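Below are the chains, spelled out letter by letter.
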Amino acid sequence: HRYQSYFKIKKRENFLNSNSINSINDKKFFYFPLQSEPESLIAIKSPFYLDAVTLVENIAKSIPIDSILYVKEHPIQKIKLWRSVDVYQRIIDIPNVKLIHPNVHSQELISKSQAVFCVSGATGFEALFYKKPVILFSNEYYDVHSMIYKVRTFAELPNLINHAIQNIKFHNDELHALIPVSYTHLTLPTTPYV
């Protein structure tokens, strides 16, 4: 049984290594980091967004037609034995979606992206340091910032995305007000924001 598990995990890892991208070549892309699964906190905070593939499909359908959606596996998913090959294949099969290898630095993806999608977690807050709009699918301590766009239904997603990338007005004072709160939630990015 242990050998079967080992080979299954190895097969998943090999598939991910062979079918995900290690470099950022597209000029216009959006970034969506997958959450580690299973994750009980997500189930409480955002119960409507537990199915990663459905979420990726809806985001991909909603972004501008000339853009790509970069979907990155969470590095900690290795400890949770990766996702099934079927899940990775279904993500890869979605038009205008590219699966990004977990070793690619998220800060490079954030800094070069048009906007960042988050179910929850620290990536959305980090994106504010790069003055990037964030489309958020749950409640977070940083969601009071004017660069955060909260999704209530998939139907509103295309307009929300369009509004986020057309009306970038960043307010440093809003970010500075959030920094004391952030110390109880995460470690701040080491790269200076631009």
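Residues numbered from 1 in each chain as written. Predicted model: local features only at pLDDT ≥ 70, side-chain atom pairs only at ≥ 80, totals over all residues. Heavy atoms only, no water.

Novice: For this particular structure, what's the right way to read the pattern of salt bridges?
Specialist: Pairs can form between side chains of opposite charge once their charged atoms are near each other. Enumeration over the complete set of coordinates arrives at six salt bridges. Of the charged contacts in the structure, one is a salt bridge between Lys10 and Glu13, with a shortest N-O distance of 3.6 Å. Taken as a pair, Lys10 and Glu13 lie in helix H1 (residues 2-19) at a separation of three residues, close to a single helical turn. Residue class for Glu13 comes out buried when judged on its relative accessible area of 17%. The shortest N-O distance in the salt bridge between Lys98 and Asp26 comes to 2.8 Å. Taken together, the positions of Lys98 in strand S3 (residues 97-100) and Asp26 in the loop between H1 and strand S1 (29-33) put the pair 72 residues apart, joining distant regions of the chain. Note on Lys98: relative accessible area 27%, which makes it partly exposed. (Salt bridge = Lys/Arg side-chain N within 4 Å of Asp/Glu carboxyl O. Helix = DSSP H or I, 4+ residues; strand = E, 2+ residues; numbered from the N terminus. Buried < 20%, exposed > 50% of the residue type's maximum accessible area, 1.4 Å probe, protein only.)

Novice: What am I meant to see in unusual backbone geometry here?
Specialist: Generally, phi is negative for residues other than glycine and the peptide bonds are trans, each holding for most cases. The phi angle at Asn96 is positive, at roughly 55 degrees, despite the residue not being glycine. Mapped onto the secondary structure, Asn96 falls in the loop between helix H4 (85-92) and S3. Assessed through its relative accessible area of 25%, Asn96 is described here as partly exposed.

Novice: What am I meant to see in the packing of helix H3 (residues 52-62) against helix H7 (residues 157-166) here?
Specialist: The angle between the axes and the distance between the axes are what describe a pair of packed helices. Direction vectors running N to C along H3 and H7 enclose 60 degrees, while the axes themselves pass 8 Å from each other. Between H3 and H7, the angle is such that the two are oblique. Handedness of the H3/H7 crossing: right-handed. Every residue of H7 that contacts H3 at Asn58, Ile59 and Ser62 is listed here: Leu157, Pro158 and Ile161. Of the residues that constitute the contact of H3 with H7, the class distribution is four nonpolar, two polar and no charged. (Axes fitted to C-alpha atoms, helices over the stretch in contact; angles between N-to-C directions. Parallel < 35°, antiparallel > 145°, perpendicular 65-115°, else oblique. Left-handed = near helix turned anticlockwise from the far one by under 90°. Contact = heavy atoms within 4.5 Å. Nonpolar A, V, L, I, M, F, W, Y, C, P; charged D, E, K, R; others polar.)

Novice: How should the pairing of S3 be read in this particular structure?
Specialist: Looking along a regular strand, one sees side chains alternate from face to face of the sheet. Note that strand S2 (residues 68-72) and S3 share four bridges and pair parallel. Bridge pairing links Val71 to Leu99 in S3. Of the crossover connections in this fold, the one passing from S2 over H4 to the parallel S3 is right-handed. (Pairing = 2+ DSSP bridges. Right-handed = clockwise from strand over helix to strand, strands pointing away.)

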